[in-house]
Amino acid sequence: MSKKRKNYKVDSKEVGLELGLRVYKFFFKSEYIHYGYFSDGLEVDVLNLKKAQDNYAELLFSHIPENVRTILDVGCGSGKTAEELLARGYKVDCVSPGHILTEYAEEKLGNRVNFFKCKFEDIITENKYDLVLLSESFQYIPMDKSIPGAVQLLNPGGYIMVSDFFSTDPEGKSKLGGGHDYQQWLGYKDSFPLKLLVEKDITTETSMTLDLVNKLNQEVLKPLWTSVWALAEDRFPVGVKIARKLYRKKLQKLEDKHFTGKRNSELFRKYKKYMFYLFKADN
């Protein structure tokens, strides 16, 4: 990213996404930052991550109705999905509320798309679209703003595509965060003037991504983390002691989240449900 960044509050989730993008791009030659779709017996191996992510993107593309010409990509991430949609002849606009990833996507897409640099619920535009795409961005939008907001941005007879995971853990026992409450969603989605065209449970195929993340954490990041702290303690013992005391709870939470093996496909299937939907507006 060549642009000089302005002063703004750094969002930890966005930083995590950028780090993921850098890892995927360098090691796996992939600029997607979504889950992989391990279908048709694809082996769960780091060498197959790019193929799995391509499979996920193809799942989206293959369900776009033939009469769609204009698409709003909500939460466009790195801009890779939008780039592929442009290559397939669609006219695309992007919603990108962050700063870091927006810069990256702008450099990739240039003036080929119009960027809404705000939260989805804050969009002000007269533009209308044949399809609103909510791929792993649905969970970041308040539920009462998501579908109603998308409906308002549709051309007559337009479509809404939702592909994201939901939480089935109302008691909050899981170490895996994110996702709207699935039971609440089930009672909510039928209240809109929409016809459900496609509904697919892809939890099993996407959950395997967590096994790769867990393997990376255990075999690469955890040893690196341990070595960095050991070096710091050797060189700056007083500073490390102070840092560990000041940030003890945050460090413990981080290590418990990433280095204890509690983020894996089995727990994902237990506490999450990854769903794909295609809706058509009745108007």
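Each value, and the rule that gives it
Residues numbered from 1 in each chain as written. Predicted model: local features only at pLDDT ≥ 70, side-chain atom pairs only at ≥ 80, totals over all residues. Heavy atoms only, no water. Helix = DSSP H or I, 4+ residues; strand = E, 2+ residues; numbered from the N terminus. Buried < 20%, exposed > 50% of the residue type's maximum accessible area, 1.4 Å probe, protein only. Contact = heavy atoms within 4.5 Å. Areas by Shrake-Rupley, 256 points an atom, 1.4 Å probe, with all protein chains shown as cover. Pairing = 2+ DSSP bridges. Axes fitted to C-alpha atoms, helices over the stretch in contact; angles between N-to-C directions. Phe/Tyr/Trp six-rings, centres within 6.5 Å; stacked < 30°, edge-to-face > 60°. pLDDT = per-residue confidence, 0-100. Left-handed = near helix turned anticlockwise from the far one by under 90°. Nonpolar A, V, L, I, M, F, W, Y, C, P; charged D, E, K, R; others polar.

1. Regarding the overall build of the protein chain
Alright, step 1. When helices and strands are counted, the protein chain shows ten helices and seven strands.
Alright, step 2. Burial statistics for the protein chain: of 283 residues in total, 46% are counted as buried.
Alright, step 3. Within the protein chain, contacts between residues at least 6 apart in sequence are counted, and of these 69% link residues at least 24 apart.
Alright, step 4. By element, 52% of the accessible surface of the protein chain is carried by carbon and sulfur atoms, the whole surface being about 15500 Å².

2. So, the sheet that holds strand β7 (residues 272-281)
Alright, step 1. Across the sheet, seven strands lie side by side as β3-β2-β1-β4-β5-β7-β6; this open sheet has mixed pairing. Two strands bound the open sheet, and with one partner strand each, they are β3 (114-116) and β6 (194-201). Mean inter-strand twist for the sheet, computed between neighbouring axes without regard to direction, equals 20 degrees.
Alright, step 2. Pairing geometry for strand β5 (residues 154-167) and β7, over nine bridges, is antiparallel. Bridge pairing in β7 places Phe 166 opposite Lys 273.
Alright, step 3. This element, helix α5 (residues 143-152), spans β4 (129-135), β5 and β6 of the sheet and lies at about 160 degrees to β5.
Alright, step 4. Against the sheet, helix α6 (residues 182-189) makes contact with β5, β6 and β7, and its axis sits at roughly 15 degrees relative to β7, the strand it touches most.

3. Side note on unusual backbone geometry
Alright, step 1. Look at Asp 40: it is not a glycine, yet its phi comes out positive at around 55 degrees.
Alright, step 2. For Asp 40, a relative accessible area of 81% translates into the label exposed.
Alright, step 3. A positive phi angle, close to 55 degrees, is found at Glu 136, a residue other than glycine.
Alright, step 4. Relative to the elements of secondary structure, Glu 136 occurs in the loop between β4 and α5.

4. Regarding the packing of aromatic side chains
Alright, step 1. Counted according to the given criterion, the structure contains 14 aromatic pairs.
Alright, step 2. Taken together, a centroid distance of 5.6 Å and an interplanar angle of 15 degrees make the contact between Tyr 277 and Phe 279 stacked. One exposure class covers both Tyr 277 and Phe 279, and it is buried.
Alright, step 3. Put simply, the rings of Phe 138, Phe 166, Tyr 182, Trp 185, Tyr 277 and Phe 279 touch in pairs and so form one group of aromatic residues.

5. Describing the confidence of the model for the protein chain
Alright, step 1. Summarising the model, the protein chain shows a mean pLDDT of 87, and 87% of its residues fall at 70 or more.
Alright, step 2. Residue range residues 1-6 is modelled with pLDDT below 50. Its contacts to residues more than four positions away, or to other chains, number 13 contacts.

6. Description of the packing of α5 against α6
Alright, step 1. With their axes 11 Å apart at the nearest point, α5 and α6 run at an angle of 35 degrees to one another. Taken as a pair, α5 and α6 cross one another with a handedness that is right-handed. On α6, the residues touching Met 143, Asp 144, Ile 147 and Pro 148 of α5 are Gln 184, Trp 185 and Tyr 188.
Alright, step 2. For the contact of α5 with α6, the class distribution of residues is five nonpolar, one polar and one charged.

7. Section: helix α4 (residues 100-109)
Alright, step 1. Most of α4 sits out of view: nine of its ten residues are buried.
Alright, step 2. Within α4 the residues assigned to the buried category are Ile 100, Leu 101, Thr 102, Glu 103, Tyr 104, Ala 105, Glu 106, Lys 108 and Leu 109.
Alright, step 3. Gly 110 sits one or two residues past α4 and shows a positive phi near 60 degrees.

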